[in-house]
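Secondary and tertiary structure notes
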Amino acid sequence: METVNATYSYITNLEVMQILQQIKGTKKKWGMHNLATVTYEALQYLEESPCKTQTRESINSYLCDLATYRLKPHELLQMVNDPPTSALHTQLLIDDNKVPLTDEENEAIIELTHKHFSNSTTEPVQTNQQAQG
């Protein structure tokens with residue numbers, strides 16, 4: 001196998017899910033059974049993860065707000081893919097334990113997570129309740 005383009009970048013679970021959905025739409029044309037199985041299993045996992053309710057806009061604004069913290073690109077990616085819900089969760093996503101985040105920084109990151117990602121998960125629930133009521 002030959003490397004066509006040596007450049008690379010990190011992609012979020014949302015982007016992976018979108019790519020797999022495109023592949024799922026074209027897999028029958030090619031008849032690749034193994035690809036269909038892997039695509040199906042990966043999509044099943046991703047559709048149960050936080051990326052299901054994320055949007056490019058919410059991710060971009062979340063990353064802009066996190067820019068004030070001293071986080072590495074892979075730590076930011078982990079926070080997008082697995083949004084922290086507690087101070088412990090935040091610390092587990094950060095590699096550099098020599099300079100841990102303060103309690104205030106942890107709380108601010110959790111608030112940012114709720115601000116950018118929780119709204120998209122609670123709106124459909126409210127809509128369903130309103131439709132039932």
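Residues numbered from 1 in each chain as written. Predicted model: local features only at pLDDT ≥ 70, side-chain atom pairs only at ≥ 80, totals over all residues. Heavy atoms only, no water.

**Topic: the overall build of the protein**
Each helix and strand in the protein was counted, giving 6 helices and 0 strands. Every one of the 133 residues in the protein was classed for burial, and the buried ones make up 30%. Considering only contacts within the protein whose residues lie at least 6 apart along the sequence, 59% involve residues at least 24 apart. Element-wise, carbon and sulfur atoms account for 55% of the exposed surface of the protein, whose accessible area totals about 9,500 Å². (Helix = DSSP H or I, 4+ residues; strand = E, 2+ residues; numbered from the N terminus. Buried < 20%, exposed > 50% of the residue type's maximum accessible area, 1.4 Å probe, protein only. Contact = heavy atoms within 4.5 Å. Areas by Shrake-Rupley, 256 points an atom, 1.4 Å probe, with all protein chains shown as cover.)

**A closer look at the confidence of the model for the protein**
If pLDDT is low for a region, its predicted coordinates should not be looked at in detail. For the protein, per-residue confidence averages 80 on the pLDDT scale, and residues scoring 70 or more make up 76% of the total. Within the protein, helix α6 (residues 103-132) has the poorest average pLDDT of any element, 67, and helix α3 (residues 56-66) the best, 94. (pLDDT = per-residue confidence, 0-100.)

**As for the side chain of Thr-113**
The topology assignment puts Thr-113 in helix α6. Contacts of Thr-113, omitting those with residues within four sequence positions, involve Tyr-62, Pro-83, Pro-84 and Ser-118.

**Some details on the pattern of salt bridges**
Taken as a whole, this structure holds 3 salt bridges when the rule is applied. Arg-56 is paired through a salt bridge with Glu-15; the nearest N and O atoms lie 3.5 Å apart. Here Glu-15 lies in helix α1 (residues 13-30) and Arg-56 lies in helix α3, a separation of 41 residues in the sequence. For Arg-56, a relative accessible area of 45% gives the class partly exposed. Note on Glu-15: relative accessible area 22%, which makes it partly exposed. Of the charged contacts in the structure, one is a salt bridge between Asp-65 and Lys-115, with a shortest N-O distance of 3.5 Å. With Asp-65 in helix α3 and Lys-115 in helix α6, the pair connects residues that are 50 residues apart, well separated along the chain. Take Asp-65: its relative accessible area is 26%, and that puts it in the partly exposed class. (Salt bridge = Lys/Arg side-chain N within 4 Å of Asp/Glu carboxyl O.)

**A closer look at the side chain of His-89**
Tracing the chain through its elements places His-89 in helix α5 (residues 87-93). A distance of 3.2 Å separates a polar atom in the side chain of His-89 from the backbone nitrogen of Thr-85. Excluding residues within four positions of it along the chain, His-89 makes contact with Asp-82, Pro-83 and Pro-84. (Polar contact = N/O pair within 3.5 Å; in protein donor to acceptor, adjacent residues only side chain to side chain.)

**Considering the environment of Gln-22**
Relative to the assigned elements, Gln-22 resides in helix α1. Expressed as a C-alpha distance, the spacing of Gln-22 and Thr-39, which sit 17 residues apart in the sequence, is 9.9 Å.

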